[in-house]
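Here are the chains, one letter per residue:
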Amino acid sequence: MSRVMHSSALRWLFSSTPSSHLTKAARSHSHPTLTRPYSSLKTSEEVAYTHPERVHSRSDAILSPAITAFAERTGLRFDDPTVLIRALTHKSFQHGQTSTGERLEHLGTKVLNLYATEYIHTKYPNLPVKALIEATQEYIGDRALSQLGRVMGVNHVMQWKPASPDPVESGEDKVISHTVRALVGGLYHTRGAKKARAFIHTCILSKPINEDMCLKFSKPKMMLSALMKRHGRERPISRLQQESGRRSASPIYIVGVYSGTQELGRGSGPSIKRAEYNAAKSALRLHFLKELVKFQLPSDTEEENEDMTFFSTELGDSTPII
């Protein structure tokens, strides 16, 4: 996902106007945008709601200008403003003396896991389970969600208490990721699965998969041989295709690995052994990262009834800290 996120790319997701499917072009809506720079927003009580003890009442909830601007900029406007307040309140804030987003964070974690896992599982049908788990974390782990949160400006409106005065040890990145999960949970709670799923697909799952982080092979040649045997294919054989500077200080070899007459992969290296190793890795990546271009997700069935309107229930309180 690009580090630059235009506000309109988010706002269309949360418009009250129904949208039929994720693949449709983003609709254009006219909403106010934030004119104050991020640096002018505060992180203390200035962004807090006016009366913490009144968060249980929808009508009494008062949003600060900073949170209101954040909601307009990102499109995360909930029917119940107290849910947005709760989602932006980490349990470290005021040591739990007010309602926090801990419950929403738990819900958001499960929602993120569901939609991210089903997407990767379906799009990459050959991906090993361990790699599937790694890929999922690359999308919805703390680092990824913290980066997304900073792009959205979550760090300027969330309410929290640093673990240490030292910025490096404050734990801000982790709190940002927790807050993004709480926002997803709040979106799912107030607007339903369809809006939460649209947000996850558009803002989180839109970036390409990180191949190096997902697929790591210690013995690629053995793995490739086992893979060919399982599929009833001929044993893989390496063939030198090109070489340059054999007698020089920097030789280059290019090797192709074949099963019968079919080339499975190609690799290069400063030695034939290293080139064979890289060719086997290339062949495994081509197999395991085979990508489906057109596919249907299990959750697509949730969108069959376009006329259905979702109504959220009252959000329960968070547990006090003693």
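Scroll up to find the structure.
The structure presented is a predicted model; accordingly, all values stated were derived computationally and were not measured.

**Structural notes on the overall build of the protein**
Secondary structure assignment for the protein yields eleven helices and three strands. Within the protein, buried positions represent 44% of all 322 residues. Long-range pairs, those at least 24 residues apart, make up 65% of the contacts in the protein with a sequence separation of at least 6.

**Some words on the side chain of Thr-190**
Position of Thr-190 among the secondary structure elements: in helix H7 (residues 172-191). For Thr-190, a relative accessible area of 2% translates into the label buried. A polar side-chain atom of Thr-190 sits 2.8 Å from the main-chain carbonyl oxygen of Gly-186.

**Concerning the packing of aromatic side chains**
One pair of aromatic rings is described through two measures. These are the centre distance and the angle between the planes. By the definition in use, this model includes two aromatic pairs. A ring pair is formed by Phe-217 and Phe-288, whose centres lie 6.0 Å apart and whose planes are at 25°; its orientation type is stacked. Highlighted residues: Phe-217 in the loop between helix H9 (211-214) and helix H10 (220-230) and Phe-288 in helix H11 (residues 272-288), separated in sequence by 71 residues. Judged by its relative accessible area of 12%, Phe-217 is buried. The ring of Tyr-258 carries Arg-239 above its face, with NZ or CZ at 4.5 Å from the centroid. Above the plane of the ring of Tyr-277 lies Arg-274, whose end atom (NZ or CZ) is 4.7 Å from the centre.

**Re the environment of Pro-162**
Tracing the chain through its elements places Pro-162 in the loop between helix H6 (142-152) and H7. Residue Pro-162 is classed as partly exposed on the basis of its relative accessible area of 42%. With 69 residues separating them in the primary sequence, Pro-162 and Phe-93 have C-alpha atoms 8.9 Å apart.

**So, H10**
For H10, every residue scored as buried is listed here: Pro-220, Leu-224, Leu-227 and Met-228. Buried residues along H10 cover an arc of 95° about the axis, so they all sit on one side. Looking at H10, the residues exposed on the side facing more than 90 degrees away from the buried face are Met-222, Lys-229 and Arg-230. Here the buried face of H10 lies against strand E2 (252-259), strand E3 (262-269) and H11. Where H10 terminates, the next one or two residues include Gly-232, which has phi positive at roughly 70°.

**Some details on the environment of Glu-234**
Looking at the secondary structure, you find Glu-234 in the loop between H10 and strand E1 (237-244). Measuring from C-alpha to C-alpha, the distance between Glu-234 and Thr-261 comes to 9.5 Å, with 27 residues separating the pair along the chain. Setting aside its immediate chain neighbours within four residues, Glu-234 contacts Met-228, Ser-259 and Gly-260.

**Quick look at empty space enclosed by the protein**
Per the counting criterion, the structure on display carries three cavities of 30 Å³ or more. Around the second largest cavity sit Ala-87, Thr-89, His-90, Lys-91, Gly-101, Glu-102, Glu-105, His-178, Thr-179 and Ala-182, which together line it. With three residues, H7 is the largest single contributor of residues to the lining of the second largest cavity.

Criteria and thresholds
Residues numbered from 1 in each chain as written. Predicted model: local features only at pLDDT ≥ 70, side-chain atom pairs only at ≥ 80, totals over all residues. Heavy atoms only, no water. Helix = DSSP H or I, 4+ residues; strand = E, 2+ residues; numbered from the N terminus. Buried < 20%, exposed > 50% of the residue type's maximum accessible area, 1.4 Å probe, protein only. Contact = heavy atoms within 4.5 Å. Polar contact = N/O pair within 3.5 Å; in protein donor to acceptor, adjacent residues only side chain to side chain. Phe/Tyr/Trp six-rings, centres within 6.5 Å; stacked < 30°, edge-to-face > 60°. Lys NZ or Arg CZ within 6 Å of the ring centre and 35° of its normal. Arc of directions from axis to C-beta. 1 Å grid on protein atoms, 1.4 Å probe; cavity = no way out; pocket = protein on both sides within 12 Å on 5 of 7 lines; lining within 4 Å. Points joined across faces, edges and corners; volume = space filled by probe spheres on them.

Such coordinate-based values are descriptive only and should not be taken to indicate function.
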